[in-house]
Amino acid sequence: MSTMKKLFVIAAAAALLLAAFSPLQQEKDNGKIRIGAPDDTGGMIIHYLVHEKGYGDAEVRHDFELYPVKDCCSSTSQWALSSNQYDLAVMCPDAAESLLEKDGRFEIVSPFLMNSDIVVVKPGLSPQKIGISQNRNHQAQIVASLFSRDCATAPMLPAAIPYAYEKNAVDGVVVDALRGFTMTGDKLPAAAGEAGHITYVLVVNKGFKEDARYQEFLRLFEESVKELNQPDILREEIRKYKGIDFSREEVNQWNRLGIKHVFTIPEMHA
């Protein structure tokens, strides 16, 4: 056997082993519900639903597994959904629309989080450049709605945003609220006045809608939405989710910035 053929056989065997023993494949074989969620404010409701509402206790019911998605707008996250590795996912509107254009097996259930991207700007400055996460057009829209045309956007990797702000490479940033509250600077809402800006939507694999567990998920999801809008519950969940101790004033500021969960169970057709 030639060296090239040997390398091909070894590579193929390695690929088969990885597929056989990957966590995603094991969870699929175990029949667990697979939910993709970011590790920011968008993913907080899934954390609450699992740990406080009791949905999908893996030790008892063996029907749930949560996979964190660092950046829901990345091609890797969309590939995982299209590869049927998720039944449900929390996604920003841009990522969800991109996915639906490419794959008809998914649909948006409902928006569920508003204004969770906030703007943090250097005090006393008239911003000329605002850092935003790459591939998130809705963040560029936030900047356009708040500042003059002279204010440019600087797309970058989400992880680079706090560093760019700290090093004065930008005058401000559009950032997830839980990150933004740990940064110094003036906090501005995603939408001026009473308007709301949708920052996260719930996406479902249409095949999962036939599963009885989907109805339980929707019911508990709606309950979680209502509860997380209550100040005391919100404070406690932020502490458990991120280890951040929010003061009552910070919760009040959270509300002034218009950050809230919104969701109505969609009508099911027989």
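Residues numbered from 1 in each chain as written. Predicted model: local features only at pLDDT ≥ 70, side-chain atom pairs only at ≥ 80, totals over all residues. Heavy atoms only, no water.

Let's talk about the confidence of the model for the protein chain
- When pLDDT is averaged along the protein chain, the result is 82; 77% of the residues meet or exceed 70.
- Note that pLDDT drops below 50 for residues 3–29; the model gives that stretch 14 contacts with residues more than four away or on any other chain. (pLDDT = per-residue confidence, 0-100. Contact = heavy atoms within 4.5 Å.)

Quick look at the layout of surface pockets
- By volume, the largest pocket is sized at about 420 Å³.
- Lining the largest pocket are 19 residues, with Asp39, Asp40, Pro158, Asp176 and Arg179 positioned closest to its centre.
- Looking at the lining of the largest pocket, the elements with two or more residues in it are helix 7 (161–166), strand 8 (172–176) and helix 8 (177–180).
- For the lining of the largest pocket, the element with the most residues is strand 8, which contributes three residues.
- Taken together, the residues of the lining of the largest pocket break down into eight nonpolar, three polar and eight charged. (1 Å grid on protein atoms, 1.4 Å probe; cavity = no way out; pocket = protein on both sides within 12 Å on 5 of 7 lines; lining within 4 Å. Points joined across faces, edges and corners; volume = space filled by probe spheres on them. Helix = DSSP H or I, 4+ residues; strand = E, 2+ residues; numbered from the N terminus. Nonpolar A, V, L, I, M, F, W, Y, C, P; charged D, E, K, R; others polar.)

Some remarks on the pairing of strand 1 (residues 33–37)
- Burial runs high along strand 1: five of the five residues are buried.
- Burial along strand 1 is two-sided: Ile33, Ile35 and Ala37 facing one way and Arg34 and Gly36 facing the other are all buried. (Buried < 20%, exposed > 50% of the residue type's maximum accessible area, 1.4 Å probe, protein only.)

Some thoughts on the nonpolar core
- Counting 35 residues, the largest nonpolar core has Ile46, Leu88, Phe112, Phe217, Phe221 and Phe263 as the members making the most contacts within it.
- Among the elements of the structure, strand 1, helix 3 (41–51), strand 3 (88–91), helix 5 (93–102), strand 4 (106–114), strand 10 (198–205) and helix 9 (212–228) are those that each provide at least two residues to this core.
- Considering each element in turn, this core owes the most residues, seven residues, to helix 9.
- Residues within four places of Phe221 in sequence aside, it is in contact with Ile45, Ile46, Leu49, Phe112, Leu202 and Phe263.
- One finds Val120, Ala154, Met156 and Ile238 within the second-largest nonpolar core, a separate group that totals 23 residues. (Core = buried A, V, L, I, M, F, W, Y, C linked by side-chain atoms within 4.5 Å.)

As for the pattern of salt bridges
- Taken as a whole and judged by the stated rule, the model has 12 salt bridges.
- The closest approach of N and O atoms between Glu236 and Arg239, which form a salt bridge, is 2.4 Å. Linking Glu236 with Arg239, this pair stays in helix 10 (residues 231–242), spanning three residues, or about one helical turn.
- Arg239 sits in the partly exposed class, given a relative accessible area of 36%.
- Among the salt bridges present, the one from Lys240 reaches Glu236, with a minimum N-O distance of 3.9 Å. With Lys240 and Glu236 both in helix 10 and four residues apart, the pair spans about one turn of that helix. (Salt bridge = Lys/Arg side-chain N within 4 Å of Asp/Glu carboxyl O.)

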